[in-house]
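For reference, the chains in residue letters:
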Amino acid sequence: MIRVLLVDDHAMLRAGFRTILGTQPDIEVVGEAGTGADAVALAAQLMPDVITMDVQMPDMDGIEATRRIVADPAITASVAIVTTFDRDEYLFQALDAGAGGFLLKNAGPEELITAVRALAAGDGILAPEVTRRVLARFAAASPPVPVAQETPPRTPSAVSVLAEPLTERESEVLALMADARSNAEIATALFIGEATVKTHVSRVLQKLGARDRVQAIVLAHRHGLT
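These numbers come from a predicted model, not from an experiment.

### Details of the overall build of the protein chain
Move 1: A count of helices and strands for the protein chain gives eleven helices and five strands.
Move 2: For the protein chain, buried positions account for 45% of its 226 residues.
Move 3: The long-range share in the protein chain, meaning contacts at least 24 apart out of those at least 6 apart in sequence, stands at 66%.
Move 4: Per element, the accessible surface of the protein chain, about 10800 Å² overall, is 55% carbon and sulfur.

### So, unusual backbone geometry
Generally, phi is negative for residues other than glycine and the peptide bonds are trans, each holding for most cases.
Move 1: Although it is not a glycine, M47 adopts a positive phi angle of roughly 50 degrees.
Move 2: Relative to the elements of secondary structure, M47 occurs in the loop between α2 (36-46) and β3 (50-53).
Move 3: The residue F191 is not glycine, and still its phi comes out positive at about 60 degrees.
Move 4: The residue F191 is located in the loop between α9 (183-190) and α10 (194-208) in this model.

### Notes on the confidence of the model for the protein chain
Low-confidence regions, as indicated by low pLDDT, have predicted coordinates that should not be scrutinised in detail.
Move 1: Predicted confidence across the protein chain gives a mean pLDDT of 83, with 83% of residues reaching 70 or more.
Move 2: In the predicted structure, residues 143-160 sits below a pLDDT of 50 and forms 19 contacts with residues beyond four places in sequence or in another chain.

### Description of the environment of M47
Move 1: Since its relative accessible area comes to 34%, M47 is described here as partly exposed.
Move 2: C-alpha of M47 to C-alpha of V30: the two residues are 17 residues apart in sequence and 9.2 Å apart in space.
Move 3: Not counting chain neighbours up to four residues away, the residues in contact with M47 comprise R3, L42, A74 and I75.

Criteria and cut-off values
- Residues numbered from 1 in each chain as written.
- Predicted model: local features only at pLDDT ≥ 70, side-chain atom pairs only at ≥ 80, totals over all residues.
- Heavy atoms only, no water.
- Helix = DSSP H or I, 4+ residues; strand = E, 2+ residues; numbered from the N terminus.
- Buried < 20%, exposed > 50% of the residue type's maximum accessible area, 1.4 Å probe, protein only.
- Contact = heavy atoms within 4.5 Å.
- Areas by Shrake-Rupley, 256 points an atom, 1.4 Å probe, with all protein chains shown as cover.
- pLDDT = per-residue confidence, 0-100.

Written out as structure tokens, the structure is:
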């Protein structure tokens, strides 16, 4: 079962999310919170797999709550920011805080269900157009560094991004991750099993030192790895 914590200051919206997710045999809503502070406390208490997090809430906003949850090594939940506002500042603040995805409240029920399952499986939930905005922002802020270049010597940031070189297959997987492909889509594109893809993704995250797929995409683009 995928354990989900719903965080939003509107009880009616939480009830709607609970109803949608409750129809799925593999998803269980284990708790609800109406403030960021309550979300932090319940995340540590309930140990959910996925947290849907509103941004604008009393007491503590969702960005700060996400930051505190991700910083707690005892909490392994993936956080999806779910907001009414499609604003770049929310998107980038959320990713900087460690959110594993970004979803708008006008998304359909199937998108919410898919997002929860994707986060539980370790996939990101950024739509392709959002991914392009992320890459464009980081490309403008930090030009790609050619990691394979030996002369002149690689910069410390480029060296530190890779614990060890990616294999050819891992590079292919990373390129497809950067194209917002799911594990199933990567498996189809490369003619390999989904379990094999999961292994490659895990290795890519480990070598990049990335906490999730979204951060891996940002690091890959920033350092010219795709």
